[in-house]
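Report on the structure
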Amino acid sequence: MGGVDHVCGIAGIVQLDGAPASLHALRQMVAALRHRGPDAAGVAADGAAGLGHARLSILDPVGGRQPMTTRDGLLTVTFNGEIFNYIELREDLKARGHHFRTRSDTEVVLHAYRQYGERCVEHFNGQWALGIWDRARRRLFLSRDRMGIRPLYYTQLRRGFLFASEVKALLAHPELSCKLDPQGFNQVLTFWCPLAPATVFRGIGELPPGHNLVLEDGRVTVSRYWQLDYSDEAESLGLDACAERLLELLSDAARLRLRSDVPVGAYLSGGLDSSITTALIRSQTPRLKTFSVTFDDAEFDESRYQQQLVDHLGTDHAAVCCDAAQIARVFPEVIRHAERPLLRSAPAPLYLLSHLVRSSGLKVVLTGEGADEVLGGYDLFKEDKVRRFCAAQPDSAARTALFARLYPYMPNLQSQSAEYLRRFFRVRPDELGHRFHSHLPRWELTLQLKRLLSPEWSAELDRYDAEADLAATLPRRYDAWRPFCRAQFLETALLMPGYILSSQGDRMAMAHGVEGRFPFLDHRVVEFAATIPPRWKMRGLCEKFILKRAAGHLVPKSIVDRPKQPYRAPDAASFFDTHRKAARAPYVDELLSPDCIRAGGVFRPEAVELLEGKARAGRIIGTRDNMALLAVLSTQLLLKQFRRGEAGTASRAVQETRIAIQVPLGSRDLHAIPETNP
Amino acid sequence: MDDIAQQLRQFITENFLFGAEAAFADDDSLVGAGIIDSTGVLELIAHLEGEYDIALDDTELVPENLDSISNLVRFIDAKRAAVAVS
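Residues numbered from 1 in each chain as written. Chains lettered and ligands numbered in written order. Predicted model: local features only at pLDDT ≥ 70, side-chain atom pairs only at ≥ 80, totals over all residues.

Here we take up the overall build of chain B. Looking only at helices and strands, chain B has 4 helices and 0 strands in total. By its C-alpha atoms, chain B is 40 × 25 × 20 Å across when sized along the principal axes. Across the 86 residues in chain B, those meeting the buried criterion constitute 26%. Taking as baseline every contact in chain B between residues at least 6 positions apart, the subset at least 24 positions apart corresponds to 55%. (Helix = DSSP H or I, 4+ residues; strand = E, 2+ residues; numbered from the N terminus. Buried ≥ 20, exposed ≤ 12 C-beta atoms within 10 Å, placed from the backbone. Contact = placed C-beta atoms within 7 Å.)

Another aspect to go through is the overall build of chain A. For chain A, the count of helices and strands is 31 helices and 21 strands. Expected size for 678 residues packed as a compact globule is a radius of gyration near 26 Å; at 25 Å, chain A falls within 12% of this value. Oriented by its inertia axes, the alpha-carbon framework of chain A measures out at about 75 × 65 × 45 Å. Within chain A, the fraction of its 678 residues that count as buried is 55%. (Rg over C-alpha atoms; globule rule 2.2 N^0.38 Å.)

We now examine the nonpolar core. With 201 residues, the main nonpolar core has A:Ala164, A:Ile546, A:Leu629 and A:Val632 as its most contacted residues. Here A:Ile546 is in contact with A:Cys242, A:Ala243, A:Leu246, A:Leu375, A:Ile532, A:Trp536 and A:Lys537, once residues within four sequence places are set aside. (Core = buried A, V, L, I, M, F, W, Y, C linked by C-beta atoms within 7 Å.)

Spatial strand order, E4-E5-E6-E7-E11-E12 (chain A): 6 strands in an open sheet with antiparallel pairing. If you trace the sheet from one side to the other, it starts and ends with strand E4 (68-69) and strand E12 (219-224) of chain A, each paired once. (Pairing = 2+ DSSP bridges.)

On to the sheet that holds strand E14 (residues 289-295) of chain A. Residue and element names in this part refer to chain A. Strand order in the open sheet formed by 5 strands is E15-E14-E13-E16-E17, and the pairing between neighbours is parallel. This sheet does not close on itself; its edge strands, each paired only once, are strand E15 (316-322) and strand E17 (515-517). Strand-to-strand twist across the sheet, computed as the mean angle between neighbouring axes with direction ignored, equals 30°. Two elements, E14 and E15, share 7 bridges in a ladder whose sense is parallel. (Axes fitted to C-alpha atoms, helices over the stretch in contact; angles between N-to-C directions.)

Interfaces are frequently sized by the accessible area removed from exposure as the parts join. Listed by partner, the interface residues are 18 residues for chain B and 21 residues for chain A. Sorting elements by how many residues they give to the side of chain B that touches chain A places helix H2 (residues 38-51) of chain B first, with 5 residues. Class assignment of the residues belonging to the side of chain B that touches chain A gives a composition of 9 nonpolar, 6 polar and 3 charged. (Nonpolar A, V, L, I, M, F, W, Y, C, P; charged D, E, K, R; others polar.)

Low pLDDT marks regions whose predicted coordinates should not be analysed in detail. Residue and element names in this part refer to chain B. Of the residues in chain B, 98% reach a pLDDT of 70 or more, and the chain-wide mean stands at 90. Mean pLDDT across the elements of chain B bottoms out in helix H4 (residues 69-85) (90) and peaks in helix H3 (residues 63-66) (94). The complex prediction reports pTM at 0.92, with the ipTM value standing at 0.88. (pLDDT = per-residue confidence, 0-100.)

Our focus in this paragraph is the pairing of strand E9 (residues 160-164) of chain A. All names here are of chain A. Most of E9 is tucked away, with 4 of its 5 residues classed as buried. Sheet topology places strand E1 (residues 8-15) next to E9; 5 bridges connect them, and they run antiparallel. Residue pairing in the sheet places Ala11 in a bridge with Ala164 of E9. Sheet topology places strand E8 (residues 153-156) next to E9; 4 bridges connect them, and they run antiparallel. Within E9, the residue paired with Tyr154 across the bridge is Phe163.

Residue and element names in this part refer to chain A. Checked against the element boundaries, Gln127 lands in strand E6 (residues 126-134). Between the C-alpha atoms of Gln127 and Ile621, which are 494 residues apart in sequence, the distance is 39 Å. Sequence-distant contacts of Gln127, defined by excluding residues within four places in its chain, comprise Gly81, Glu82, Asp145, Ile149 and Arg150.

Next up on the list: the packing of helix H1 (residues 2-16) of chain B against H4(B). Residues and elements named next belong to chain B. For the pair H1 and H4, the least separation of the axes is 10 Å and the interaxial angle reads 125°. Considering the angle they form, H1 stands oblique to H4. Of the two possible hands of crossing, H1 and H4 adopt the one that is right-handed. Contact residues: H1 offers Ile4, Ala5, Leu8 and Arg9, while H4 offers Ile69, Leu72, Val73 and Ile76. (Parallel < 35°, antiparallel > 145°, perpendicular 65-115°, else oblique. Left-handed = near helix turned anticlockwise from the far one by under 90°.)

Attention now moves to the packing of helix H3 (residues 86-95) of chain A against helix H4 (residues 105-116) of chain A. Residues and elements named next belong to chain A. The geometry of H3 relative to H4 is characterised by a closest axis approach of 10 Å and an angle of 45° between their N-to-C directions. Between H3 and H4, the angle falls in the class oblique. Crossing of H3 against H4: the hand is left-handed. The segment H3 lies against H4, with Tyr86, Leu89, Arg90 and Leu93 engaging Asp105, Val108, His111, Ala112 and Gln115. Considering only residue class, the contact of H3 with H4 consists of 5 nonpolar, 2 polar and 2 charged.

Our focus in this paragraph is the environment of A:Thr199. Residue and element names in this part refer to chain A. Looking at the secondary structure, you find Thr199 in the loop between helix H6 (182-191) and strand E10 (204-206). Residues Thr199 and Arg340 lie 141 residues apart in sequence; the distance between their C-alpha atoms is 8.1 Å. Residues contacting Thr199, with those up to four places away along its chain left out, are Tyr153, Val167, Asp181, Gly184, Pro194, Ile204, Gly205 and Glu206.

Another point: the environment of A:Ala279. Residue and element names in this part refer to chain A. For Ala279, the location among the structural elements is in helix H8 (residues 272-282). For Ala279, a count of 20 C-beta atoms within 10 Å puts it in the buried group. Here the alpha-carbon distance between Ala279 and Phe100, two residues 179 residues apart in the chain, equals 36 Å.

Another aspect to go through is the pairing of strand E13 (residues 264-267) of chain A. All names here are of chain A. Because side chains alternate across E13, one face comprises the buried residues Val264 and Ala266, and the other comprises Gly265 and Tyr267, equally buried. Bridging between E13 and strand E16 (residues 364-366) involves 3 bridges; their strand directions are parallel. Its bridge partner being in E16, Gly265 is matched across the sheet by Val365. The sheet contact formed by E13 and E14 spans 2 bridges and is parallel. Note that in E14 the partner of Ala266 across the bridge is Thr290.

The next point concerns H4(A). Working note: α-helix, 3.6 residues per turn, so residues spaced by three or four point in the same direction. Residue and element names in this part refer to chain A. The end-to-end C-alpha distance of H4, which contains 12 residues, comes to 16 Å, matching closely the 16 Å that a straight helix rising 1.5 Å per residue would cover. Within H4, 9 of the 12 residues are buried, which leaves the element mostly enclosed by the surrounding structure. Buried within H4 are the following residues: Asp105, Thr106, Glu107, Val108, Val109, Leu110, His111, Ala112 and Tyr113. Buried residues in H4 make contact with E4, strand E5 (75-83), H3 and E6. (Expected span 1.5 Å × (residues − 1).)

A few words on unusual backbone geometry. In this model, A:Ala196 is joined to A:Pro197 through a cis peptide bond whose omega is 15°. Looking at the element boundaries, A:Pro197 is found in the loop between H6 and E10. Phi angles above zero are rare outside glycine, and A:Trp192 is one such case at about 85°. For A:Trp192, the position within the fold is in the loop between H6 and E10. Backbone geometry places B:Phe18, a non-glycine residue, at a positive phi of 50°.

Below, the structure written as structure tokens:
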């Protein structure tokens, strides 16, 4: 912003043994991030420390150059993301005597750190992953935004410390190799994603959302600077004032997210949330471009609603139509970018969508992401409410019948007896007090994927307990919150950063150099929403009631009234043509073959054979089997790509880097020293 | 009867457990043991109708008939006996 390019990746090295940081290794790390910023690479070194940055293009070469160093040479930053309130912060810092040379938010980060130290991040409204080298104190400071929008990974070597936007940049370092981490993998086979700081790569950590990391005197300290809290309720505000305040905050969040020196577009899913964010920016964006995913399969398609909104708002609209063959085709690339096993194919259409955005000449899109977590919109929250309602009167068939109503799009539920529904949905009065009540059915179902594991991995994973890992990270007051808030917390703190914002978010968008911005995830919106009483979030079984009340008037009535449809894509069906009884792509056959499964070592070849037989015959209809196929295929892809080092393609990338800048860390001069190719 | 129990155990192990050796007793609830979910019941019904030449009425789709090996064996026997009588 303010001359700085939006799309980028960061990396850095700090040597702990007094040796100089290897510029060659740093360049290789940056090169592995070139999809995030293919046009320019900057590296800067100050003896033991080196910072690197890859960006897409240079709009303002002086203002936008990174890594950026203060005039006195004492602070250098490499920064990915946006500080949306940088204009206000800049004025504030100027009033405190700071002098600015550029109009960029990057420079604001540097001065804010100088003014406030590590607490500078508490002043930021934005989405960031950043590293600051504090030369005088010989200290590295890393920070990641509150919600986990921008990614940041790190690892400690024997004599050094590395960080980067993506794992593949760390793996590009010659001292690191790829090994599947049992704890992170165990979490995937429970929660659908790893729980930061764990990752699925052994020895590699993810800085959790809302955390800072300091490396000083060879010691790493990770500390939390922000936490979601549901302890207070805005009850006294009254429903209407509460709705008004929500809209006010949301409007301001959207306004700030239009700050950009390139045009901002919007994703339209056809649902309420993106309809509202798009409507909010429509008046401020004369020729607004909008983008959607459509499906040839009516089961997943929402184009009817997307079109209603396009007609209503008069946007310049484009859509990408997905079919099974396309999902199969791009899935290896999806895994290369997601860098973790996936139990869903849903990221794949978003990968195709960001390609469409990029081809349309846009780099920034607003989306409705986060609304379902922050305002309690997911079916899971309804399901938990109904499960509690049924457990209170376990013999009531009328109550149990609500489950079928809850999932009208699941035909297999419609004809089931009350007793079966009670068992499927785990209606158990004795479990009402369980701290993870809302998520037990999902996790128990997912755990069953472990039946596919080889004896070695099965034994290895038995040593870990994902629920205990999670329990260790819970806020002190978690158990005192209402059940609805506890469920919201689990979705917001676990699945949102671990899957929604990463595998469906940053990674799919950045694969094509597109940045997502999310008004619902402005921390002021999130903090206020946490105080809204649950009964205003979900009235009866009407989800996001307060949002409909606050902003329903901005969108067509048909959008407000439509039944909520979760975003899904065909899973197992994407990889097998059941008419021909054959895989849709040769890699599917190859990776599921007994030899390949045996070589991977993670799964049992006989189990995969049974699973594949079922998929080929079109007999995979349930969630568990769909997840099982995706889990095997994605893990096999991950092992193949990362063990062989295909993910980085570093050396070629370095040569293709067109513009390169090298600024010695601590240099008083911001002008570039042209980099020579190694 | 043991035959049917053995066949059912094999079907369940291959189709739902992907061949994993899971220790479950003939009286254990298949849903409760995490072996069968809502789609699994449909798969099970299709298997019963295809394999044992019986037709299931909606009212028969209850755990007392289908949710353990013992219940299934008892149910299949009763259905077959009813067919034989009629």
